[in-house]
Amino acid sequence: MGEKMQAQPEQIPLHILTFFNEVNEYIDVLPREFQLKLTDYMHLLAWQITQDLSDGLPDEHFQSIKGKFQDAKHTILH
């Protein structure tokens, strides 16, 4: 059997948890395209954490998904 990819809450950087909490408020109304990009990002993040590759700081992938979220949020609010 393969190992499960599971992260403990303390392994997830605070900026990620804060971001996911904000996204969660809008997830049902965000465009499908963004939701798919978010899923891809979550898989990447899980891999980074389980491989102990995350230094706990925002990287270019986080900055990209955060920017896409801000754009999508702006679109649905206006």
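Residues numbered from 1 in each chain as written. Predicted model: local features only at pLDDT ≥ 70, side-chain atom pairs only at ≥ 80, totals over all residues. Heavy atoms only, no water.

A. Main features of helix α2 (residues 32–50). Between its first and last C-alpha, α2 extends 27 Å over 19 residues, near the 27 Å set by a 1.5 Å rise per residue. Turning to α2, its buried residues are F34, L38, Y41, L45, Q48 and I49. Looking down the long axis of α2, one finds its buried residues gathered within 90° of arc, a one-sided arrangement. Away from its buried face, by an angle of more than 90 degrees, α2 presents the exposed residues R32, E33, D40 and H43. (Helix = DSSP H or I, 4+ residues; strand = E, 2+ residues; numbered from the N terminus. Expected span 1.5 Å × (residues − 1). Buried < 20%, exposed > 50% of the residue type's maximum accessible area, 1.4 Å probe, protein only. Arc of directions from axis to C-beta.)

B. Main features of the packing of helix α1 (residues 14–26) against α2. At a closest axis distance of 13 Å, the pairing of α1 and α2 adopts a crossing angle of 155°. Judged on the interaxial angle alone, α2 and α1 are roughly antiparallel. Seen from above, α1 lies across α2 with left-handed handedness. Here I16, F19, F20 and V23 of α1 come into contact with α2, specifically with F34, L38, Y41, M42 and L45. For the contact of α1 with α2, a count of residues per class yields nine nonpolar, no polar and no charged. (Axes fitted to C-alpha atoms, helices over the stretch in contact; angles between N-to-C directions. Parallel < 35°, antiparallel > 145°, perpendicular 65-115°, else oblique. Left-handed = near helix turned anticlockwise from the far one by under 90°. Contact = heavy atoms within 4.5 Å. Nonpolar A, V, L, I, M, F, W, Y, C, P; charged D, E, K, R; others polar.)

C. Spatial organisation of unusual backbone geometry. With phi around 55°, D52 is a residue other than glycine that occupies positive phi space. Turning to its location among the elements, D52 is positioned in the loop between α2 and α3 (60–77).

D. Representation of the packing of aromatic side chains in the model. For the structure shown, the criterion picks out five aromatic pairs. Between F19 and F20, the aromatic rings sit 5.9 Å apart at their centres with planes inclined by 45°, giving tilted as the arrangement. The partly exposed category is assigned to F20, whose relative accessible area is 22%. Judged by centre distance (5.9 Å) and plane angle (40°), the rings of F34 and F69 are tilted. Residue F34 is located in helix α2, and its partner F69 is located in helix α3; the two are separated by 35 residues in the primary sequence. (Phe/Tyr/Trp six-rings, centres within 6.5 Å; stacked < 30°, edge-to-face > 60°.)

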